[in-house]
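Residue-level structural notes
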Amino acid sequence: VLGYGFAAFGGLRSDPEATKCFEAMDSDGAGMVLLGEFCDYLKAAEIKAKTATGALLAEDEAGGAGGGGGGATGPKQASGPPKGAPNSFGLAVSKKAASKEFFNFMSVFEPLCDEKKGAKAREEGFKAADPNGNGLCSLAELETFVLKSLVTKFPRAGKGKDLQEPGKDLFKAYRPCYIRAFTDAKDYEADSGAKIAGTKKATADDFVSKKEFRLFCVYTIIYAAMFDVFAKIDGGGVGRDANDDKRIEKAEWMAGWKGAQGYGFVAFDSIADKKEAAAAFKKIDDNGGGIVLLDEWCEFIKAGEVAAKTPIGELLNMDEAGG
């Protein structure tokens, strides 16, 4: 590393000094240095040494060059995580944070979520989701509704090798979200215990009713946002691709935790540094297995929203007893 002109490495002369340098770079004490830690360490050293490179790197800091001082040791940027405008039920996802696919997905179901303005759209939507007209929707019926809704707005185009099916792709990408949405929404109304005609032992609690349909649409979008940020961190923070294994390891989280901010979730937007990020991972990984699965991820976000009594937390809490 010598010869690059970085102040952080210019003074290294022995193995003990190199060891001390490594420990300083390994800010979370995990025994390895990620690219983010490496770059932050170099930047801090350049700024501290007041080099020309340090002056340039300090310009993005609150009160940095051109702003009256501050630098890397000054106050944090006042802007914080990127913020989005709240939608009809209070979810505020920044376009700088989430994927284009998420916003395409949300655009299909958002019109059904507004409690008053979306009443007519929900009426039509529930009729489409309940083809037999019994007032109850199974998971299979709602899956079909989601698929048809997506392919209607984003139809297939082209032929052969040029065939594109954006609606179907969105359906496959976000499938875990509306399965969770169904599970939560169907628990909103109290179960009467009455057996549903034509089934062996199913009751109304095993289906989504017309009254629960709005919650299903709301939950579908909320869980889509949770899954979008999960996929962003999984596999190295490059979105859904072949590297995704549907689980997040600590190294992936520590490399990409800042990417979880901007979705409007208090559990992530409140994280200020790597130490807090490491502590958050430990909380998310509630079984101590060293990896975070989607269920743990969603439960952690939900708990944060419920505890903070946000509009999203109030909605997510409606499926609980007495909700």
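All of the points below concern the structure found in this document. Only a predicted model underlies this, so the values are computations on that prediction, with no experimental measurement involved.

Reading the values: rules and limits
- Residues numbered from 1 in each chain as written.
- Predicted model: local features only at pLDDT ≥ 70, side-chain atom pairs only at ≥ 80, totals over all residues.
- Heavy atoms only, no water.
- Phe/Tyr/Trp six-rings, centres within 6.5 Å; stacked < 30°, edge-to-face > 60°.
- Helix = DSSP H or I, 4+ residues; strand = E, 2+ residues; numbered from the N terminus.
- Buried < 20%, exposed > 50% of the residue type's maximum accessible area, 1.4 Å probe, protein only.
- Disulfide = S-S within 2.5 Å.
- Core = buried A, V, L, I, M, F, W, Y, C linked by side-chain atoms within 4.5 Å.
- Contact = heavy atoms within 4.5 Å.

A look at the packing of aromatic side chains
With the rule as written, the count across this model stands at 17 aromatic pairs. Ring geometry for W253 against F268: centres 5.7 Å apart, planes inclined by 45°, an arrangement best described as tilted. Of this pair, W253 sits in helix 11 (residues 250-256) while F268 sits in helix 12 (residues 266-269); the two residues are 15 residues apart in sequence, bridging distant segments of the chain. Given the relative accessible area of 0%, F268 is considered buried. Judged by relative accessible area, W253 falls into the buried class, the value being 0%.

Brief notes about the state of the cysteines
Inspection of the entire model under this criterion finds zero disulfides. The thiol of C137 is not disulfide-bonded; the next cysteine sulfur, from C217, is found 9.8 Å away. For C177, which is in no disulfide, the shortest distance to another cysteine sulfur is to C298 and amounts to 7.4 Å.

A look at the nonpolar core
General note: in soluble globular proteins, nonpolar side chains tend to be found buried as a group. Ranked by internal contacts, the top residues of the largest apolar core, which has 72 residues, are F102, F216, Y219, W253, F268 and W297. Looking at this core, the element that brings in the most residues is helix 10 (residues 213-233), giving 16 residues. Among all residues touching W253, those that are not within four sequence positions of it are I233, I248, A260, F268, I271, A277, A278, A280, F281 and W297.

Topic: the side chain of S209
Within the element layout of this structure, S209 appears in strand 2 (residues 208-209). Assessed through its relative accessible area of 9%, S209 is described here as buried. Excluding its chain neighbours within four sequence positions, the residues that come into contact with S209 are F126, G135, L136 and E189.

Any functional reading would require information beyond the geometric quantities listed.
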